[in-house]
Amino acid sequence: GAVVSQHPSWVICKSGTSVKIECRSLDFQATTMFWYRQFPKQSLMLMATSNEGSKATYEQGVEKDKFLINHASLTLSTLTVTSAHPEDSSFYICSARLGGNTGELFFGEGSRLTVL
Amino acid sequence: QKEVEQDPGPLSVPEGAIVSLNCTYSNSAFQYFMWYRQYSRKGPELLMYTYSSGNKEDGRFTAQVDKSSKYISLFIRDSQPSDSATYLCAMRTNAGKSTFGDGTTLTVKP
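Our subject in this report is the structure included herewith. Please read these numbers as outputs of a predicted model, since none were measured by experiment. (Residues numbered from 1 in each chain as written. Chains lettered and ligands numbered in written order. Predicted model: local features only at pLDDT ≥ 70, side-chain atom pairs only at ≥ 80, totals over all residues. Heavy atoms only, no water.)

Notes on the sheet that holds strand β3 (residues 19-25) of chain B
Residue and element names in this part refer to chain B.
- Pairing within the open sheet is antiparallel, and its five strands lie in the order β1-β3-β8-β7-β6. Every interior strand has two partners, whereas the edge strands, β1 (4-6) and β6 (54-58), have only one. Taken over all neighbouring pairs, the strand axes of this sheet differ in orientation by 15 degrees on average, direction set aside.
- Pairing analysis gives six bridges linking strand β7 (residues 61-66) to strand β8 (residues 71-76), with the strands arranged antiparallel. Counterpart to Gln64 in the pairing with β8 is Ser73. (Pairing = 2+ DSSP bridges. Helix = DSSP H or I, 4+ residues; strand = E, 2+ residues; numbered from the N terminus. Axes fitted to C-alpha atoms, helices over the stretch in contact; angles between N-to-C directions.)

Regarding the side chain of Ser95(A)
Residue and element names in this part refer to chain A.
- With respect to the helices and strands, Ser95 occurs in strand β9 (residues 90-97).
- Of note is the side chain of Ser95, whose polar atom sits 3.5 Å from the side chain of Tyr36.
- Other than its neighbours up to four places away in sequence, Ser95 contacts Thr32, Met33, Phe34, Tyr36, Leu105, Phe106 and Phe107. (Polar contact = N/O pair within 3.5 Å; in protein donor to acceptor, adjacent residues only side chain to side chain. Contact = heavy atoms within 4.5 Å.)

Structural notes on the interface of chain A and chain B
- Across the boundary between the two partners, chain A contributes 22 residues, which contact 19 residues of chain B.
- Applying the counting criterion to the chain A and chain B interface returns one salt bridge.
- Glu109(A) is paired through a salt bridge with Lys42(B); the nearest N and O atoms lie 3.6 Å apart.
- Taken together, the links from chain A to chain B amount to four residue pairs in polar contact (both at pLDDT 80 or more).
- For the side of chain A that touches chain B, the secondary-structure elements that each account for two or more residues are β4 (32-38), β5 (44-51), β9 and β10 (105-107) of chain A.
- Tallied by class, residues from the side of chain A that touches chain B come to nine nonpolar, eight polar and five charged. (Salt bridge = Lys/Arg side-chain N within 4 Å of Asp/Glu carboxyl O. Nonpolar A, V, L, I, M, F, W, Y, C, P; charged D, E, K, R; others polar.)

A word on the sheet that holds strand β7 (residues 67-73) of chain A
Residue and element names in this part refer to chain A.
- Within the open sheet, the four strands sit side by side as β1-β3-β8-β7. Their pairing is antiparallel. A single partner strand is all that each edge strand has here, and the edge strands are β1 (4-7) and β7. Across the sheet, the mean angle separating the axes of adjacent strands is 15 degrees when strand polarity is ignored.
- Both strand β3 (residues 19-25) and strand β8 (residues 76-81) contribute to a ladder of six bridges, which runs antiparallel. Note on β8: the bridge partner recorded for Cys23 is Ser77.

Here's the deal with the environment of Tyr87(B)
Residues and elements named next belong to chain B.
- Within the secondary structure, Tyr87 sits in strand β9 (residues 85-92).
- Judged by relative accessible area, Tyr87 falls into the buried class, the value being 0%.
- In this structure the C-alpha to C-alpha distance between Tyr87 and Gln38, which are 49 residues apart in sequence, comes to 6.2 Å.
- If we ignore the near neighbours within four places in the chain, the residues touching Tyr87 are Gln6, Leu21, Tyr36, Arg37, Leu47, Leu74, Ile76, Gly103, Thr104 and Leu106.
- Within the structure, Tyr87 has its side chain in polar contact with the backbone oxygen of Asp83 (distance 2.6 Å). (Buried < 20%, exposed > 50% of the residue type's maximum accessible area, 1.4 Å probe, protein only.)

Comments concerning the state of the cysteines
All names here are of chain A.
- With the rule as written, the count across this model stands at two disulfides over all chains.
- The residue that forms a disulfide with Cys23 is Cys94, at a sulfur-sulfur distance of 2.0 Å. Given an S-S torsion of about 80 degrees, the disulfide between Cys23 and Cys94 has right-handed geometry. Placement of the pair is Cys23 in strand β3 and Cys94 in strand β9, with a sequence separation of 71 residues. With respect to class, Cys23 is no different from Cys94; both count as buried.
- Left unpaired, Cys13 is separated from the closest cysteine sulfur, that of Cys94, by 18 Å. (Disulfide = S-S within 2.5 Å.)

Right, here's the structure in full:
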């Protein structure tokens, strides 16, 4: 299957700092990428849909100023958690869609954020 | 009521057993059905991708979709300890937005 790379896989930061997570589609171009948050033993919670060259679409309840998403190229989307606080500690996962609306969805390895 | 319902388990089976994982859904617009496997602290891995009703087989895995009953299944034959993971079902409409089940945690004991 297609490969989606996510970096870093693990990050620890101090409260009040910002953290950037990268999501890359390595062997295909992805006009649409998705960002999820996952709490322990829970399913994926869609945070936002990232579209190349345009603003991201955020799900209800997700603060767009808190979670900045940039999709500057067809192979890279970034999620920046700004002014992180301990409650932002979570597992963040990106996915990229191969093809159009009916394309398969491939996931990155996830990034575990711990805010001290 | 959730659009997609999935029994969280946990499910524990002996090695070699046949495993049946299931999801039900309420949105008749779902056309594409997926099963993902997620190991602890890793991203989900796509196992099966099917369109509309019917069966699809890939090695030890068989995905089954019954749109009339709004019910999908994943069967794992000759289960192995390495199959121990959380299995997520997912569904998508033609508009492209995916909805995930909560996942079923499976343990295959040697």
